[in-house]
Every structure is written in structure tokens, then in C-alpha cells.
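# Survey of secondary and tertiary structure
These are the residues of each chain, in order.
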Amino acid sequence: MIEFRDVTKRYPDGTVAVAGVDIVIEPHSTTVLVGSSGSGKTTLLRMINRMVDPTHGQVLIDGEDVATVDPVQLRRGIGYVMQNSGLLPHRKVIDNVATVPLLRGEKRRAAYDRALELLDTVGLDRSLADKYPSQLSGGQQQRVGVARGLAVDPNILLMDEPFGAVDPIVRSELQQELLRLQGELGKTVVFVTHDIDEAFLLGDQVVIMQQGGKISQAASPAEILANPADAFVADFVGAERGKRALHVTELDGRRLVVDGDGRPAGVLAS
Ligand SMILES: Nc1ncnc2c1ncn2[C@@H]1O[C@H](COP(=O)(O)OP(=O)(O)O)[C@@H](O)[C@H]1O
Ligand SMILES: [Mg+2]
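Structural notes, computed from the coordinates.

Parameters and conventions
Residues numbered from 1 in each chain as written. Chains lettered and ligands numbered in written order. Predicted model: local features only at pLDDT ≥ 70, side-chain atom pairs only at ≥ 80, totals over all residues. Heavy atoms only, no water. Core = buried A, V, L, I, M, F, W, Y, C linked by side-chain atoms within 4.5 Å. Buried < 20%, exposed > 50% of the residue type's maximum accessible area, 1.4 Å probe, protein only. Contact = heavy atoms within 4.5 Å. Near = heavy atom within 4 Å. Polar contact = N/O pair within 3.5 Å; in protein donor to acceptor, adjacent residues only side chain to side chain. Areas by Shrake-Rupley, 256 points an atom, 1.4 Å probe, with all protein chains shown as cover. Helix = DSSP H or I, 4+ residues; strand = E, 2+ residues; numbered from the N terminus. Nonpolar A, V, L, I, M, F, W, Y, C, P; charged D, E, K, R; others polar. Salt bridge = Lys/Arg side-chain N within 4 Å of Asp/Glu carboxyl O.

### Re the nonpolar core
Of all hydrophobic cores here, the largest spans 44 residues; its most connected members are Val97, Met159, Phe191, Ile208, Ile224 and Val237. For valine 237, the residues in contact, after removing those within four places along its chain, are Ile196, Phe200, Ile208, Ile224, Leu225 and Arg244. Ranked by size, the runner-up nonpolar core spans 27 residues in total, among them Ile23, Leu33, Ile78 and Val192.

### A word on the site of ligand 1
Within the structure, ligand 1 sits among Tyr11, Asp13, Thr15, Ala17, Ser36, Ser37, Gly38, Ser39, Gly40, Lys41, Thr42 and Thr43. One of the backbone N or O atoms of glycine 38 is found 2.7 Å from an oxygen atom in ligand 1. A distance of 2.8 Å separates an oxygen atom of ligand 1 from a polar side-chain atom of lysine 41. Considering ligand 1 on its own, with 560 Å² of exposed area, one finds that the protein chains cover 62% of that surface. Top element by residues in the shell around ligand 1 is helix α1 (residues 41-46). It accounts for 3 residues. In terms of residue class, the shell around ligand 1 is built from 2 nonpolar, 8 polar and 2 charged.

### Describing the pattern of salt bridges
What the rule picks out here adds up to 14 salt bridges. A salt bridge links aspartate 153 to lysine 187; the nearest nitrogen and oxygen atoms lie 3.1 Å apart. Note that aspartate 153 is positioned in the loop between α5 (138-150) and β7 (156-160) and lysine 187 in the loop between α6 (168-185) and β8 (188-193), a separation of 34 residues in sequence. The class for lysine 187 is buried, based on a relative accessible area of 10%. Between glutamate 177 and arginine 180 there is a salt bridge, with its nearest N and O atoms 3.0 Å apart. Here the residue glutamate 177 and the residue arginine 180 both occupy positions in helix α6, the gap between them amounting to 3 residues, near one helical turn. When its relative accessible area of 22% is taken as the criterion, glutamate 177 is described as partly exposed. Here arginine 180 falls in the partly exposed class, since its relative accessible area comes to 33%.

Below, the structure is given as C-alpha cells:
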């Protein structure tokens, strides 16, 4: 379990990126931090692996304050996947995936075997192992990024807008792959996005953040839709408009579900 207790981050220039945050992140589930640009998502995420330290409050992993853990040691148990994959351009795919295990002193052969298995895990052909990142499509690069995040066999996987830079079709494929992977691996995933649809698709828990790094609501997608905490959340999730404002209408004796724009979304099954 990851726990934020009254966590604030004020950067040296005075910017308050995160203010008084309390969140509980259950193990083996996916929590999505969602909010517009500048709402403090990346700052919050990076406090889990100590790439950022809070100026007030505590972050605990399984009851232990991360401030008391050596950052290098801490990151051995935490995978990190960045936007734009963050791959090293001058290293082959296989080397990118095996980098951290090699740094940890794993034998070359074992690290490479494991890296090849991880290519399978994320749905990449092993023939890509000897290519350089620039020879791969954007979607393939993101998959390599995920493989690299998994290479230390972490309990916790942090993902910062990992699918932000790819086109909508590839993005949708990557989202489905992540759902499949998570079904198999059951990691504690903390995922950052500014896209509420992505948050509702992937999150067991969705944390909605406002400017100034305050949390508006942290709950399951169903709870947020059924009972938005305030007007900001209702507006952010679009509960009262478009494809989420569904109502029922009758046509030829069948009950149709129609969205806020009047478009038919489906038929009520019962
Ligand atoms: N190193 C930094 N120094 C000063 N301000 C920062 C730094 N990093 C982020 N910020 C500011 O903190 C706020 C939150 O940033 P960030 O956590 O990156 O938000 P998000 O990921 O939601 O876009 C923004 O106003 C940003 O400009
Ligand atoms: Mg960010």
C-alpha cells in the first residue's frame, strides 16, 4: 500500500505544486492521477520514488516513510515509465530494457534473456531487440518503455502520461495491452494522464486533481460519476453532457440509450 499523508510540495521558487494531499493507494490495483497540465500530477508521482521530496507530510510504502529509504535502494523496487518512452537513443532496444538490471550487477546473459522475455510480455517481436529506438514506431517505443519499467520486476509501476505521444488508434491498443498486462501481473500501478476517458478506462481508483495540487475527489469511476464531489468534478468528467449524459427513450417498443448529443449509444438489454 502507498499512502500520502498531508503531503505538500513547494518548489524553491515558491510554486506550490501539491497541497495537503491525503491518498491511499491499494496494492495490486491501478490508481490514475488525472488533471489538467500543471495540477501537480508528475510531482505527486515522483514523490513515490523520491525523484521529488515533499516539503511537508509523508509518503509511506507498506507503512515505511520513503524519506528513510535510500533513493537508489527504493527505485530498485519501483518501475518508472516516462512520457515519450525516455529511451536512450544510442542504445539498442535490448540494451535499453536490460540497462537497470545490468547496473544492479545482474549477469549479462541472465539480463538479456529476461529482456527478451519482457519483449514478449509487452507484445513486441524479439527481432526488434537489435534495433535502435529511432527505427521503431511511437507505439513500439512506448512498449519498450513499459518493458524497461518492468525489468526490475517491481511491485510498483509508475507511469507518467506514457501513451500521450501516440495516435488515438495506437493509444487505444496500448491501453488494452496495459489492462491485459495488469490482469496477469497485478502490480500496484500509479498512472498519470490528463485524459478523463483514459482515467476511467484504466483506473480502479481515479484521483481528480485541481490547479494548485489539491485533490477534488478520489474514488472509483462509478462513484465519481454517480456522486461527483463538487461542480469542478462534475464539469471535468462531463457528467452532464455529451457521451456521459445518457437517457432512455423508446422506439418501436425497444428502449434505446441516447447520449447528451441525441446520438444512440445502445439498446437496454433488460
Ligand atoms: N522543478 C520545478 N521547479 C519549480 N516549479 C515546478 C517544478 N516542477 C514543476 N513545477 C511547477 O509545479 C506545478 C505542477 O507541475 P507538475 O507536477 O509537473 O504538474 P502536471 O504533471 O500535472 O502537469 C506547475 O505549476 C509547474 O510549473
Ligand atoms: Mg506532468
